[in-house]
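Report on the structure
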Amino acid sequence: MLDIKFVRSNPEVVKQNIKNKFQDSKLPLVDEVLELDQKNREIKGEVEALRAEKNKTSKQIGAMMAQGKKEEAEELKRKVTESADKMEALSAEEKEVEEKIKKIIQDIIKNTEDVLYPPACPICGKPRVVKNKERLDICPWCLDKITYVDEPTCIKCGKALDDDREYCQDCMKTEHIYDQAVSLYEYSDGIKQSIYRFKYHNKREYAAIYAREIERMCGMVIRAWRPDVIIPVPIHESKLKQRGYNQAELIADELSGSMGIPINNKYIMRIRKTTPMKELSNEERVKNLQNAFQICNNSIRYNKVLIVDDIYTTGATVDACARCFKESGTDKVYVVTLCIGKGF
């Protein structure tokens, strides 16, 4: 385990290990840790000296008070107070230095792990490419396997269109409850396989990349909506126990952190286990989702909600959630999904 004691005792070993992996670019981190550690030990020594002096002076004050030397005792009390103030300031500085050391060591560990266990590209599953000393989120050649949703798009659901119509066929015949939606990718084989690994093969690390991609491509629209909160589409308790995580929640959590929008993953829950919807028609999907969701905290009222989910097919799932939100007083419900089918 790499910690300050190991770095202090084996600085050359740490430096050589880092040099083997990063050449010389990360070596200054070790020297910075050692300098901060030396400063921290000096602070600790000063605090201990002040504490010892304070204890000694306190005993002297007791003796002087017993002898009736009140003026001398008061003078020493002032010195004790000054020492206490200085100790408090030094303790605060000590904590600050310790926090800096902790962050630098975490940086060293992170970069070491990055080399030993390189993060995978969410499309091909192979180690992500390093370019200009930075890892790319998606391999350059994998970009050919995905298609970003681009204009023209349906102004309701966000599906890509082949012409300049305002609405896709689905939105022309379906009155959606949510107000507007956008998606990052068109549903293609490349992203289909990526989401499959994300959902069913525990590739939770993909969530951070997905969120960065969503912010990069859809962030302007999301900020224009100005949502009060991000709420992921919940999954049923039985599925959560089986899978161990809610994929929509992982993306929502990362997006919340990067965009500074609060997340509430306890506001709505899936109270009924529904039939898998892959083979269901739109009408069957709507019926399948009736009374499937429930608001958990009726004391909270959000004006604008941003729903996050992984796949948009017909919009039945987000509509079911949007109905719950609007019945609870929400004015606007927006949706962002990782991928969506093409409009016709």
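Note that the coordinates shown come from a computational prediction; the quantities given were computed from them, not determined experimentally. (Residues numbered from 1 in each chain as written. Predicted model: local features only at pLDDT ≥ 70, side-chain atom pairs only at ≥ 80, totals over all residues. Heavy atoms only, no water.)

**What to know about the overall build of the protein**
- Helix and strand counts for the protein stand at eleven helices and eight strands.
- Expressed as a percentage of contacts within the protein between residues at least 6 apart in sequence, the contacts between residues at least 24 apart total 70%.
- Total accessible area on the protein stands at roughly 19800 Å², and carbon and sulfur atoms take up 49% of it. (Helix = DSSP H or I, 4+ residues; strand = E, 2+ residues; numbered from the N terminus. Contact = heavy atoms within 4.5 Å. Areas by Shrake-Rupley, 256 points an atom, 1.4 Å probe, with all protein chains shown as cover.)

**With respect to the sheet that holds strand E8 (residues 332-340)**
- The strand order across the open sheet formed by four strands is E3-E8-E7-E4, and the pairing between neighbours is parallel. Lying at the two open borders of the sheet, with one neighbouring strand each, are strand E3 (180-186) and strand E4 (229-232). Sheet twist, expressed as the mean angle between neighbouring strand axes with direction ignored, is 20 degrees.
- Against the sheet, helix H11 (residues 316-327) makes contact with E4, strand E7 (304-312) and E8, and its axis sits at roughly 165 degrees relative to E7, the strand it touches most. (Pairing = 2+ DSSP bridges. Axes fitted to C-alpha atoms, helices over the stretch in contact; angles between N-to-C directions.)

**Things to note about the pattern of salt bridges**
- Scanning the entire structure with this criterion turns up 15 salt bridges.
- The residue Asp 310 makes a salt bridge to Lys 199 at a minimum N-O spacing of 3.3 Å. With Asp 310 in strand E7 and Lys 199 in helix H6 (residues 189-200), this residue pair connects regions lying 111 residues apart in the sequence. Summarising the burial analysis for this pair, Asp 310 and Lys 199 share the class buried.
- Across the pair Glu 237 and Lys 241 runs a salt bridge whose closest N-O atoms are separated by 3.9 Å. Of the two residues, Glu 237 and Lys 241 are both situated in helix H8 (residues 237-243); the distance of four residues between them amounts to about one turn of the helix.
- Residue Lys 241 is classed as exposed on the basis of its relative accessible area of 65%.
- Overlapping salt bridges, with partners in common, bring together Arg 128, Asp 137 and Arg 212 in one network. (Salt bridge = Lys/Arg side-chain N within 4 Å of Asp/Glu carboxyl O. Buried < 20%, exposed > 50% of the residue type's maximum accessible area, 1.4 Å probe, protein only.)

**Points about the packing of aromatic side chains**
- What the rule picks out here adds up to eight aromatic pairs.
- Seen from their ring centres, Trp 225 and Tyr 334 are 4.5 Å apart, and the 5 degrees between their planes marks the pair as stacked. Here the residue Trp 225 occupies a position in helix H7 (residues 206-225), and Tyr 334 occupies one in strand E8, the gap between them amounting to 109 residues.
- Owing to a relative accessible area of 5%, Trp 225 belongs among the buried residues under this scheme.
- Overall, the relative accessible area of 9% leaves Tyr 334 in the buried class. (Phe/Tyr/Trp six-rings, centres within 6.5 Å; stacked < 30°, edge-to-face > 60°.)

**Quick word on the environment of Gln 169**
- Its location among the elements puts Gln 169 in helix H5 (residues 169-173).
- Separated by 15 residues in the primary sequence, Gln 169 and Cys 154 have C-alpha atoms spaced 9.2 Å apart.

**Focus: the nonpolar core**
- Ranked by size, the top nonpolar core spans 33 residues in total, and within it Ile 214, Ile 222 and Leu 255 carry the most contacts.
- Only E3, H6, H7, helix H9 (247-259), E7 and E8 provide two or more residues apiece to this core.
- At nine residues, the largest contribution of residues to this core is made by H7.
- In contact with Ile 222, other than residues within four places in its own chain, are Ile 214, Pro 227, Leu 255, Met 259, Ile 261, Leu 306 and Val 336. (Core = buried A, V, L, I, M, F, W, Y, C linked by side-chain atoms within 4.5 Å.)

**Things to note about the state of the cysteines**
- Overall, the coordinates contain zero disulfides when judged by the stated rule.
- Residue Cys 157 stays outside any disulfide, its sulfur separated by 3.7 Å from that of Cys 168, the closest cysteine.
- Judged by relative accessible area, which is 0%, Cys 157 ranks as buried. (Disulfide = S-S within 2.5 Å.)

**Describing unusual backbone geometry**
- Of note, the amide linkage connecting Glu 151 to Pro 152 takes the cis form, showing an omega dihedral of 0 degrees.
- Relative to the assigned elements, Pro 152 resides in the loop between strand E2 (134-135) and H5.
- Phi is positive for Asn 202, close to 60 degrees, though the residue is something other than glycine.
- Along the polypeptide, Asn 202 turns up in the loop between H6 and H7.
- In the Ramachandran plot, Arg 226 falls in the positive-phi region, its phi being about 55 degrees despite a non-glycine side chain.
- Relative to the elements of secondary structure, Arg 226 occurs in the loop between H7 and E4.
- Look at Arg 226 and you get exposed, because its relative accessible area is 63%.

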